[in-house]
Amino acid sequence: MNGQHKAAHAVICEVIGMVEDGSLAFAEASPEQLCIVSVAYHNLAVAQLKLKAPHLACESSMNARKIARLCLSHSNRWMSVYQYTHEAVTEDLKHEFSLQLKEGAIDDQQLRSIKGLIDTMFDPNPKV
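Just so you know, these numbers come straight off a predicted model, no measurement behind them. (Residues numbered from 1 in each chain as written. Predicted model: local features only at pLDDT ≥ 70, side-chain atom pairs only at ≥ 80, totals over all residues. Heavy atoms only, no water.)

### Here we look at the overall build of the protein chain
Which entries qualify depends on this criterion: For helices the rule is a DSSP run of H or I covering at least 4 residues; for strands it is a run of E covering at least 2, with both sets numbered from the N terminus onward. What sets the accessible areas is the Shrake-Rupley method with a 1.4 Å probe; for residues, cover comes only from the shown protein chains.
Regarding its fold elements, the protein chain presents six helices and zero strands. Walking the protein chain from its N terminus toward its C terminus, one meets helices and strands in the order α-α-α-α-α-α. Total accessible area on the protein chain is roughly 8,000 Å²; 59% of this is exposed by carbon and sulfur atoms.

Here it is, written out as C-alpha coordinates:
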(Lines give C-alpha, C1' and ligand atoms only; values in the text may rest on other atoms or scores of the structure.)
Protein backbone atom coordinates (compact mmCIF):
# COMPACT_ATOMS: atom_id res chain seq x y z
CA MET A 1 0.00 0.00 0.00
CA ASN A 2 2.81 2.44 0.86
CA GLY A 3 4.30 1.82 -2.60
CA GLN A 4 1.08 3.10 -4.15
CA HIS A 5 1.29 6.30 -2.12
CA LYS A 6 4.91 6.79 -3.16
CA ALA A 7 4.01 6.27 -6.82
CA ALA A 8 1.05 8.64 -6.57
CA HIS A 9 3.24 11.20 -4.82
CA ALA A 10 5.85 11.00 -7.59
CA VAL A 11 3.30 11.47 -10.39
CA ILE A 12 1.51 14.34 -8.67
CA CYS A 13 4.83 16.07 -7.89
CA GLU A 14 5.80 15.74 -11.54
CA VAL A 15 2.54 17.35 -12.72
CA ILE A 16 2.70 20.15 -10.14
CA GLY A 17 6.36 20.70 -11.02
CA MET A 18 5.36 21.23 -14.65
CA VAL A 19 2.70 23.72 -13.56
CA GLU A 20 5.13 25.58 -11.29
CA ASP A 21 7.96 25.79 -13.86
CA GLY A 22 5.57 26.91 -16.59
CA SER A 23 5.90 23.92 -18.91
CA LEU A 24 2.25 23.08 -18.32
CA ALA A 25 1.10 26.68 -18.35
CA PHE A 26 -1.67 28.30 -20.30
CA ALA A 27 -1.79 31.93 -21.44
CA GLU A 28 -4.80 32.42 -19.18
CA ALA A 29 -5.82 29.61 -16.89
CA SER A 30 -9.53 28.90 -16.96
CA PRO A 31 -11.44 28.19 -13.74
CA GLU A 32 -11.60 24.53 -14.76
CA GLN A 33 -7.82 24.35 -15.16
CA LEU A 34 -7.26 26.08 -11.82
CA CYS A 35 -9.64 23.61 -10.22
CA ILE A 36 -7.62 20.69 -11.62
CA VAL A 37 -4.42 22.16 -10.17
CA SER A 38 -6.21 22.63 -6.86
CA VAL A 39 -7.28 18.97 -6.86
CA ALA A 40 -3.70 17.95 -7.67
CA TYR A 41 -2.37 19.88 -4.67
CA HIS A 42 -5.07 18.33 -2.46
CA ASN A 43 -4.20 14.83 -3.65
CA LEU A 44 -0.52 15.59 -3.06
CA ALA A 45 -1.38 16.59 0.52
CA VAL A 46 -3.23 13.31 1.04
CA ALA A 47 -0.30 11.29 -0.35
CA GLN A 48 2.15 13.22 1.85
CA LEU A 49 -0.06 12.60 4.85
CA LYS A 50 -0.07 8.86 4.11
CA LEU A 51 3.72 8.99 3.72
CA LYS A 52 3.95 10.58 7.17
CA ALA A 53 5.23 13.95 5.92
CA PRO A 54 2.75 16.33 7.57
CA HIS A 55 5.02 19.36 7.19
CA LEU A 56 4.89 18.92 3.40
CA ALA A 57 1.20 18.03 3.49
CA CYS A 58 0.40 21.32 5.28
CA GLU A 59 2.02 23.31 2.49
CA SER A 60 0.25 21.32 -0.22
CA SER A 61 -3.09 21.59 1.57
CA MET A 62 -2.70 25.36 1.87
CA ASN A 63 -1.86 25.61 -1.84
CA ALA A 64 -4.94 23.55 -2.73
CA ARG A 65 -7.19 25.80 -0.69
CA LYS A 66 -5.67 29.03 -2.04
CA ILE A 67 -6.05 27.95 -5.65
CA ALA A 68 -9.55 26.59 -5.02
CA ARG A 69 -10.61 30.04 -3.83
CA LEU A 70 -9.68 31.40 -7.27
CA CYS A 71 -12.23 29.16 -8.95
CA LEU A 72 -14.99 28.67 -6.38
CA SER A 73 -17.65 28.12 -9.01
CA HIS A 74 -15.87 24.87 -9.93
CA SER A 75 -14.16 23.88 -6.68
CA ASN A 76 -16.89 24.71 -4.16
CA ARG A 77 -18.18 21.13 -4.12
CA TRP A 78 -14.79 19.93 -2.80
CA MET A 79 -14.16 22.64 -0.20
CA SER A 80 -15.47 20.52 2.67
CA VAL A 81 -13.10 17.71 1.66
CA TYR A 82 -10.22 20.20 1.45
CA GLN A 83 -11.18 21.49 4.89
CA TYR A 84 -11.22 17.98 6.38
CA THR A 85 -7.82 17.15 4.85
CA HIS A 86 -6.34 20.41 6.07
CA GLU A 87 -7.54 19.77 9.63
CA ALA A 88 -6.12 16.22 9.52
CA VAL A 89 -2.79 17.52 8.24
CA THR A 90 -2.44 20.13 10.98
CA GLU A 91 -3.33 17.59 13.68
CA ASP A 92 -0.68 15.21 12.30
CA LEU A 93 1.87 17.99 12.34
CA LYS A 94 1.06 18.74 15.99
CA HIS A 95 1.33 15.02 16.78
CA GLU A 96 4.75 14.86 15.11
CA PHE A 97 6.00 17.63 17.38
CA SER A 98 4.46 15.93 20.44
CA LEU A 99 6.54 12.85 19.61
CA GLN A 100 9.63 15.03 19.43
CA LEU A 101 8.79 16.28 22.91
CA LYS A 102 8.67 12.70 24.21
CA GLU A 103 12.02 11.99 22.56
CA GLY A 104 13.53 15.05 24.20
CA ALA A 105 14.22 16.81 20.90
CA ILE A 106 12.17 19.81 22.08
CA ASP A 107 10.92 20.99 25.45
CA ASP A 108 7.36 21.69 26.61
CA GLN A 109 7.63 25.46 26.04
CA GLN A 110 8.89 24.93 22.48
CA LEU A 111 6.01 22.53 21.81
CA ARG A 112 3.43 25.08 23.01
CA SER A 113 5.03 27.74 20.81
CA ILE A 114 5.11 25.43 17.78
CA LYS A 115 1.47 24.40 18.24
CA GLY A 116 0.48 28.06 18.52
CA LEU A 117 2.32 28.82 15.31
CA ILE A 118 0.67 25.89 13.55
CA ASP A 119 -2.75 27.05 14.69
CA THR A 120 -2.03 30.53 13.37
CA MET A 121 -0.23 29.66 10.13
CA PHE A 122 -2.43 26.77 9.11
CA ASP A 123 -5.77 28.14 10.26
CA PRO A 124 -8.41 26.00 8.53
CA ASN A 125 -10.70 29.07 8.31
CA PRO A 126 -8.38 31.90 7.33
CA LYS A 127 -9.70 35.43 7.16
CA VAL A 128 -9.54 36.45 3.49
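### Things to note about helix 5 (residues 79–102)
Note the cut-off: Any helix carries an expected span of 1.5 Å times its number of residues minus one. The rule is simple: take the accessible area with a 1.4 Å probe, protein chains only, and divide by the maximum for that residue type; under 20% is buried, over 50% is exposed, in between is partly exposed.
Helix length check: helix 5 (24 residues) gives 35 Å between terminal C-alpha atoms against 34 Å at 1.5 Å per residue, within 8%. Of the residues making up helix 5, those classed as buried are Tyr82, Gln83, Thr85, His86, Val89, Thr90, Leu93, Lys94, Phe97 and Ser98.

### With respect to helix 2 (residues 31–50)
Across its 20 residues, helix 2 extends 29 Å between first and last C-alpha, which sits within 8% of the 28 Å expected from 1.5 Å per residue. For helix 2, every residue scored as buried is listed here: Cys35, Val37, Ser38, Ala40, Tyr41, His42, Leu44, Ala45, Ala47, Gln48 and Leu49.

### A closer look at the confidence of the model for the protein chain
Just so we agree on the cut-off: Note: pLDDT gives the predictor's confidence per residue, expressed from 0 to 100.
When the pLDDT values of the protein chain are averaged, the result is 80; 87% of them are 70 or greater. Per-element confidence in the protein chain is highest for helix 3 (residues 54–70), whose mean pLDDT is 88, and lowest for helix 1 (residues 2–21), whose mean pLDDT is 74.

### Some points on the environment of Ile12
Put simply, the rule reads: Contacts are residue-level and defined by heavy atoms, with any inter-residue pair within 4.5 Å sufficient.
Position of Ile12 relative to the elements: it lies in helix 1. Among the residues examined, Ile12 registers a relative accessible area of 15% and is labelled buried. Residues Ile12 and Leu44, spaced 32 residues apart in sequence, show a C-alpha to C-alpha distance of 6.1 Å. In contact with Ile12, not counting residues within four places along its chain, are Ala40, Asn43 and Leu44.

### A short note on the packing of helix 3 against helix 5
Which entries qualify depends on this criterion: Simply put, an axis is a line fit to the C-alpha atoms, just over the touching stretch for a helix, and the angle between two N-to-C directions goes from 0 to 180 degrees. Angles are sorted into four bins: roughly parallel if under 35 degrees, roughly antiparallel if over 145, roughly perpendicular if 65 to 115, and oblique for all others. Less than a right angle of anticlockwise turn of the near helix away from the far helix marks a crossing as left-handed, whereas a clockwise turn marks it as right-handed. Amino acids are sorted into nonpolar (Ala, Val, Leu, Ile, Met, Phe, Trp, Tyr, Cys and Pro), charged (Asp, Glu, Lys and Arg) and polar (every other residue, Gly among them).
The N-to-C vectors of helix 3 and helix 5 enclose an angle of 155 degrees; their axes lie 9 Å apart at closest approach. Regarding the angle of helix 3 to helix 5, the classification is roughly antiparallel. Here helix 3 and helix 5 pass one another in a crossing that is left-handed. Listed contacts from helix 5 to Pro54, His55, Ala57, Cys58, Ser61, Met62, Ala64, Arg65, Ala68 and Arg69 of helix 3 are Met79, Tyr82, Gln83, His86, Val89, Thr90, Asp92, Leu93 and Glu96. Of the residues assigned to the contact of helix 3 with helix 5, the class counts are 10 nonpolar, five polar and four charged.

### Points about the pattern of salt bridges
Rules: Counted as salt bridges are all cases of a side-chain nitrogen of Lys or Arg within 4 Å of a carboxyl oxygen of Asp or Glu.
One pass over the full model with this rule turns up one salt bridge. Of the charged contacts, one joins Lys94 and Glu91 as a salt bridge, the two residues approaching to 3.4 Å between their closest N and O atoms. Highlighted residues: Lys94 and Glu91, both in helix 5, separated by three residues, approximately one helical turn. Given the relative accessible area of 46%, Glu91 is considered partly exposed.

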